[in-house]
Amino acid sequence: MVVQANGTSSSGKFILKFDEFFNIINGGLIGTDETRRGINPSTLEENADVPVSTKKDVDDAVRFAREAAEVWAETPITQRQQAVTKFADALRSLKDDFAKMLVKEQGKPLIFAKAEVDNAVRWLEEQAKLPFPEDMIEDTDEKQVVTRYMPLGVALGIVPWNFPIMLACGKIAPALISGNALIIKPSPFTPYCGLKLVELAQEFFPPGVIQALSGDDNLGPWLTAHPLIDKVSFTGSTMTGKRVMESCSKTLKRVTLELGGNDPAIVCSEVNIKETAPKIAQLALLNSGQICIAIKRVYVHSSIYEEFLAEVVKAAKSLLVGDGFEENIFMGPIQNAMQYERVTGFIEDSKKQKWKVAMGGEIAISSNGHRTGYFINPTVIDNPPDDSRIVMEEPFGPIFPLLRWDNENDVINRANDTLMGLGASVWSNDLVQASRIAKRLKAGSVWVNTHTEIQPDAAFGGYKQSGLGAEWGVQGLKSYCNTQTLYLKKK
Ligand code: NAD
């Protein structure tokens with residue numbers, strides 16, 4: 001089934017219909033015989049139908065991407081950057097529509113959904129401004145040696161369900177600016193905004209340059225195994241990331257893996273407790289804890305532990321849980337049933353092991369009185385053992401432990417004692433101490449007196465099993481390129 005593009009209004013304001021969703025293949029809106037539906041995690045109502053792509057859809061999209069990539073690679077980079085900037089403008093003009101759809105499919109509060117669209121726009125715009133010169137290695141009378149960065153060809157962006165707009169745009173910008181064609185595969189849990197983003201993008205890019213396929217659990221493996229895809233940029237869990245890498249190894253596809261985290265925050269004795277504790281609570285519970293770089297373990301100096309715990313609990317209690325369309329909500333539901341089971345499993349385990357639950361530990365009733373959605377109240381575990389599951393693993397939900405520390409060396413070792421290495425932070429008014437600790441933390445992003453703050457012109461990646469390679473910044477552009485060194489003999 002092929003449907004006409006929705007088009008634009010004469011005023012230049014873009015009109016997208018948010019009740020019909022299609023694959024985007026070679027510039028067309030393409031339906032499939034089979035469809036499926038995502039669930040609104042606040043109401044458990046079904047959202048609209050989305051396509052279930054077949055192997056033929058995959059073959060078609062890859063074929064068109066290959067053709068488009070040849071032409072797009074020859075398009076001057078300034079033109080590619082301009083197209084991305086115009087796409088960003090269009091997304092900004094549809095911020096409210098995208099934000100509402102995001103609340104319906106992902107569950108996050110509207111204010112944070114709007115912030116996600118703002119960030120997505122920023123990630124598009126700022127990456128379009130990055131300098132991307134060739135490197136002149138030598139330029140003498142005899143010879144010139146230049147290293148340049150040539151597009152790989154066809155890239156695939158696999159997106160998770162926690163930030164479906166922002167993380168898709170985080171792949172669209174570098175892939176297209178560096179001259180590749182890109183296929184976006186949204187998560188089956190949150191396919192709607194990803195499909196609409198790519199539909200909107202058709203106004204600004206030639207057919208086939210940016211396409212989107214939605215589907216079931218078959219789709220990811222079909223795509224990563226496809227021999228004519230050159231690069232996979234994957235964001236998701238470590239377990240899936242390993243499968244993606246294994247599949248990509250068959251044809252030596254380039255891979256960037258942005259995987260799970262288990263971020264520690266080390267709180268030193270000199271902090272202002274009343275100011276710091278609420279920040280820590282919010283940075284652990286933002287997006288209902290479903291952020292790869294949320295704070296997941298909080299190590300608090302023994303001398304302030306009790307007071308700090310009390311302030312964290314007080315702050316967490318003030319954060320309202322509910323449907324993202326209600327007023328003043330800080331935390332929406334867990335995004336899907338599978339994740340809800342996983343998070344409640346951590347709560348059950350903590351209770352079974354008889355760890356002290358400082359607050360929470362129960363299923364939340366939404367502030368509107370309904371009990372329908374996948375709501376969980378913030379849960380704080382008081383000083384569980386270092387080898388407990390809640391310390392060792394990433395729950396990816398609104399539950400986190402506070403742990404005591406006394407010795408600086410010891411706490412650094414404990415913070416680093418994990419298979420993950422995505423983010424880590426130190427909180428102290430003594431910047432000498434904070435910097436000393438920060439330098440020894442084994443993570444791709446390290447913060448002092450903040451956490452989770454990222455920016456589009458800075459490389460983002462993980463140590464250890466939190467990832468491979470980096471996205472964003474100039475390094476992100478290069479990750480979509482072959483490195484080619486040209487040796488030009490002048491005499
Ligand atoms: P997931 O690994 O279950 O799914 C991510 C994506 O991979 C989805 O689009 C899914 O359909 C697809 N997929 C699943 N199996 C596949 C396969 N065999 N081959 C190809 N694709 C496949 O992850 P999730 O549950 O959606 O996201 C949560 C996880 O993502 C958490 O661990 C979180 O820390 C991590 N995450 C990491 C970052 C980062 O930048 N490092 C950002 C956000 C989320």
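Above this text is the structure in question.
Residues numbered from 1 in each chain as written. Predicted model: local features only at pLDDT ≥ 70, side-chain atom pairs only at ≥ 80, totals over all residues. Heavy atoms only, no water.

Caption draft 1: Layout of the site of the ligand. Close to the ligand lie 28 residues; Val 159, Ser 237, Thr 240, Leu 259 and Glu 394 are nearest. Separating an oxygen atom of the ligand from a side-chain N or O atom of Ser 237 is a distance of 2.7 Å. Note that a nitrogen atom of the ligand is positioned 3.5 Å from one of the backbone N or O atoms of Glu 258. Here the ligand has 850 Å² of accessible area as a free molecule, and 88% of this is covered by the chains. The cavity where the ligand resides is the largest pocket. Within the residue set of the shell around the ligand, elements represented by two or more residues are helix H7 (219-225), strand S11 (231-235) and helix H8 (238-249). Looking at the shell around the ligand element by element, the count peaks at three residues for H7. Tallied by class, residues from the shell around the ligand come to 15 nonpolar, ten polar and three charged. Among the domains, domain 1 (2-259 + 465-486) and domain 2 (263-455) are the pair contributing at least three residues each to the shell around the ligand. (Near = heavy atom within 4 Å. Polar contact = N/O pair within 3.5 Å; in protein donor to acceptor, adjacent residues only side chain to side chain. Areas by Shrake-Rupley, 256 points an atom, 1.4 Å probe, with all protein chains shown as cover. 1 Å grid on protein atoms, 1.4 Å probe; cavity = no way out; pocket = protein on both sides within 12 Å on 5 of 7 lines; lining within 4 Å. Sits in = over half its atoms within 2 Å of the grid points. Helix = DSSP H or I, 4+ residues; strand = E, 2+ residues; numbered from the N terminus. Nonpolar A, V, L, I, M, F, W, Y, C, P; charged D, E, K, R; others polar. Domains from an automatic or database assignment.)

Caption draft 2: Fine view of helix H11 (residues 337-352). If you check H11, its first and last C-alpha atoms are 22 Å apart, about what 16 residues at 1.5 Å a residue would give, namely 22 Å. Those residues of H11 not exposed but buried are Gln 339, Tyr 340, Val 343, Thr 344, Phe 346, Ile 347, Asp 349 and Ser 350. Close packing links the buried residues of H11 with strand S16 (379-382), helix H12 (389-392) and strand S17 (399-405). One side-chain oxygen at the N-terminal end of H11 lies 3.2 Å from the backbone nitrogen of Met 338; it belongs to Asn 336. With its phi angle positive at about 65°, Lys 354 sits one or two positions after the end of H11. (Expected span 1.5 Å × (residues − 1). Buried < 20%, exposed > 50% of the residue type's maximum accessible area, 1.4 Å probe, protein only. Contact = heavy atoms within 4.5 Å.)

Caption draft 3: Representation of the packing of aromatic side chains. Taken as a whole and judged by the stated rule, the model has eleven aromatic pairs. Arranged with centres 5.5 Å apart and planes meeting at 85°, the rings of Phe 112 and Phe 330 form a pair that is edge-to-face. Of this pair, Phe 112 sits in helix H4 (residues 110-127) while Phe 330 is found in the loop between helix H10 (305-317) and H11, placing the two residues 218 residues apart along the sequence. With a centroid separation of 5.5 Å and an interplanar angle of 40°, the aromatic rings of Tyr 340 and Tyr 374 are classed as tilted. Highlighted residues: Tyr 340 in helix H11 and Tyr 374 in the loop between strand S15 (356-359) and S16, separated in sequence by 34 residues. The exposure class assigned to Tyr 374 is buried, which follows from its relative accessible area of 16%. Aromatic rings pair up to connect Trp 72, Phe 87, Phe 204 and Phe 205 into one cluster. One residue, Lys 108, lies across the ring of Phe 163, its end atom 3.7 Å from the ring centre. If you follow Lys 231 out to its NZ or CZ, it ends over the ring of Tyr 480, 4.6 Å from the centre. (Phe/Tyr/Trp six-rings, centres within 6.5 Å; stacked < 30°, edge-to-face > 60°. Lys NZ or Arg CZ within 6 Å of the ring centre and 35° of its normal.)

Caption draft 4: The arrangement of the nonpolar core in detail. Within the largest apolar cluster, 69 residues are counted, with the highest numbers of intra-cluster contacts made by Leu 91, Phe 98 and Phe 205. Here the element with the most residues in this core is helix H5 (residues 164-177); it accounts for ten residues. A domain-level breakdown of this core finds at least three residues from each of domain 1 (2-259 + 465-486) and domain 2 (263-455). Apart from residues no more than four positions distant in its own chain, Leu 91 is found in contact with Phe 98, Val 117, Ala 120, Val 121, Leu 124, Cys 169, Leu 197 and Leu 200. Listed in part, the 31 residues of the second largest apolar core include Val 267, Ala 284, Val 312 and Phe 375. (Core = buried A, V, L, I, M, F, W, Y, C linked by side-chain atoms within 4.5 Å.)

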